[in-house]
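Spelled out from the first residue to the last, the chains are:
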Amino acid sequence: MECLHLADDGAIPNNPRLPALLWRGALPPGAGPEAAESLFARHGWPPAWRNGIHPWQHFHADAHEALAIVRGTARVQLGGARGPVVDLAAGDVVALPAGVGHCRLAGSADLLVVGAYPGDAAPSTSREAPDSAAHVRAVAAVAATPDPPCEPVHGARWPQRAV
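Worth saying up front: this structure is predicted, and the values here are computed from it rather than measured.

Quick notes on the rules
Residues numbered from 1 in each chain as written. Predicted model: local features only at pLDDT ≥ 70, side-chain atom pairs only at ≥ 80, totals over all residues. Heavy atoms only, no water. Helix = DSSP H or I, 4+ residues; strand = E, 2+ residues; numbered from the N terminus. Rg over C-alpha atoms; globule rule 2.2 N^0.38 Å. Buried < 20%, exposed > 50% of the residue type's maximum accessible area, 1.4 Å probe, protein only. Lys, Arg positive; Asp, Glu negative; His and termini not counted. Charge placed at Lys NZ, Arg CZ, Asp CG, Glu CD. Salt bridge = Lys/Arg side-chain N within 4 Å of Asp/Glu carboxyl O. Phe/Tyr/Trp six-rings, centres within 6.5 Å; stacked < 30°, edge-to-face > 60°.

Enquirer: Is there a simple way to explain the overall build of the protein chain in this structure?
Expert: When you go through the protein chain residue by residue, the secondary structure sums to two helices and 11 strands. The helix and strand sequence of the protein chain, counted from the amino end, reads β-β-α-β-β-β-β-β-β-β-β-β-α. Since a compact globule built from 163 residues should have a radius of gyration of about 15 Å, the 14 Å found for the protein chain is in line with a globular shape. Along the first, second and third principal axes, the C-alpha set of the protein chain runs to 45 × 30 × 25 Å. Burial statistics for the protein chain: of 163 residues in total, 49% are counted as buried. In the protein chain, 12 side chains carry a positive charge and 15 a negative one; their mean positions are 2 Å apart.

The structure is reproduced here in structure tokens:
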């Protein structure tokens, strides 16, 4: 598992407490969407959708999100316009704590992603904060979002960001 610590960039709040998590090959080769949905559900992250990843910077200030790549590939930028770019392939899972920006820069034509949120979360989606007042509200919403009870792949405690 990789931990990606992403700082507030002034437009995307990211998360001051929790890193984004990335597992390479979390699902076996050839696993379909049902395998990802079952994995997430076992750890209290009910699957919410099957689709792709938006091609614009966005974040969920009020919910954590797990993304499983079940088919194809995607190049995704995390944390905002200056954040790291990761190449994801079938079997990879990325877990994004509340506030972490993400954007699909490229993807194969067959890309299929399963998304999940912990518990009964119903996230709102925000693009980059258009002004400082919106950014302040987004930072407050991230701070008010309770930490997830566990991460979605092994059910372990989510690692805390070093302060």
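After that view, the rundown keeps rolling.
Enquirer: Explanation requested: the pattern of salt bridges in the structure shown.
Expert: Once their charged atoms are close, side chains differing in charge can pair, the charge on each being opposite to the other. With the rule as written, the count across this model stands at six salt bridges. Of the charged contacts in the structure, one is a salt bridge between Asp147 and Arg17, with a shortest N-O distance of 2.7 Å. Placement of Asp147 in the segment after α2 (132–144) and of Arg17 in the loop between β1 (2–4) and β2 (20–23) is noted, with a sequence separation of 130 residues between them. Taking relative accessible area as the criterion, Asp147 reaches 32% and is therefore assigned partly exposed. Judged by its relative accessible area of 24%, Arg17 is partly exposed. Overlapping salt bridges, with partners in common, bring together Glu2, Arg24 and Asp92 in one network.

Enquirer: Could you clarify how one ought to interpret the side chain of His58 in this entry?
Expert: Mapped onto the elements of the fold, His58 is located in strand β4 (residues 58–59). A relative accessible area of 2% means that His58 is categorised as buried.

Enquirer: Help me understand the packing of aromatic side chains, please; the structure alone is not making it clear to me.
Expert: The geometry of an aromatic ring pair comes down to the distance between the two centres and the angle between the two planes. Counted by the stated rule, this structure contains one aromatic pair. With 6.2 Å between their ring centres and 25° between their planes, Trp45 and Trp158 make a pair best called stacked. Note that Trp45 is positioned in the loop between α1 (33–42) and β3 (47–51) and Trp158 in the segment after α2, a separation of 113 residues in sequence. One exposure class covers both Trp45 and Trp158, and it is buried.

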